[in-house]
Amino acid sequence: MAKQIHSMIRVFDEARSVAFYDKAFGLKVADRLDFPDFTLVYLSNPETEFELELTINKDRTTPYDLGDGYGHLAVSVEDLEAEHARFEAEGLAPRKLVEFAPGGEVIAKFFFVADPDGYQIEVLQRGGRYL
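The rules behind each value
- Residues numbered from 1 in each chain as written.
- Predicted model: local features only at pLDDT ≥ 70, side-chain atom pairs only at ≥ 80, totals over all residues.
- Heavy atoms only, no water.
- Core = buried A, V, L, I, M, F, W, Y, C linked by side-chain atoms within 4.5 Å.
- Buried < 20%, exposed > 50% of the residue type's maximum accessible area, 1.4 Å probe, protein only.
- Helix = DSSP H or I, 4+ residues; strand = E, 2+ residues; numbered from the N terminus.
- Contact = heavy atoms within 4.5 Å.
- Pairing = 2+ DSSP bridges.
- Polar contact = N/O pair within 3.5 Å; in protein donor to acceptor, adjacent residues only side chain to side chain.
- Axes fitted to C-alpha atoms, helices over the stretch in contact; angles between N-to-C directions.

Below, the discussion takes up the nonpolar core. Ranked by size, the top nonpolar core spans 23 residues in total, and within it Phe20, Tyr21, Phe25, Leu43, Leu54 and Phe87 carry the most contacts. Every element with two or more residues in this core is listed here: α1 (14-25), β3 (38-45), β4 (48-57), β5 (73-77), α2 (80-89), β7 (108-114) and β8 (120-125). Beyond its immediate chain neighbours, meaning those up to four positions away, phenylalanine 25 contacts Phe20, Asn45, Val75, Arg86, Phe87, Val113, Ile121 and Val123.

This is the structure we're talking about:
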């Protein structure tokens, strides 16, 4: 069986992105590979082995256009309301809390936040299929 190990996004400003992911999700630099034309930064935390790979292209002079193909990353947390309040206090500009109940029964509670490059991250209440 295949094992998911990371997801990669291209970021414009390494320091700004590393600071955001640390502040928002407690992701720390697990590894950093520097090459002549680009740098790869792997972020992780003790909650999971899955990593976020930041790719920084050194010749990039303008932010990336995310286009219309990107969806979102998702993370789960123990206490959604507390995390939402913490994001607000940290100035991370989370969007409103949402209860997703398409058939009348709540199947998910979440909010979205954008990282410095505009990537959307869904923060879900841990439970059900969202462990």
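Before going further, it helps to examine the pairing of β7. Counting buried positions over the seven residues of β7 gives five, a clear majority of the element. Where strand β6 (residues 98-100) and β7 come together, three bridges link them in antiparallel fashion. When the bridges of β7 are listed, phenylalanine 100 appears paired with alanine 108. Across five bridges, the pairing between β7 and β8 is antiparallel. Within β8, the position partnered with phenylalanine 110 by the bridge is leucine 124. Joining the antiparallel neighbours β7 and β8 is a turn of five residues, in which glycine 118 adopts a positive phi near 95°.

What follows deals with the side chain of threonine 39. Along the chain, the position of threonine 39 falls in strand β3. A polar contact is formed between the side chain of threonine 39 and the side chain of aspartate 34, at a distance of 2.6 Å.

What follows concerns the sheet that holds β7. Across the sheet, four strands lie side by side as β5-β8-β7-β6; this open sheet has mixed pairing. Because the sheet does not close on itself, it has two edges, and the strands there are β5 and β6. Direction aside, neighbouring strands of the sheet carry axes that sit 35° apart on average. Packed on one face of the sheet, α1 meets β5, β7 and β8 and runs near 10° to β8. The sheet strands contacting α2 are β5, β7 and β8, and the helix crosses β7 at an angle near 15°.

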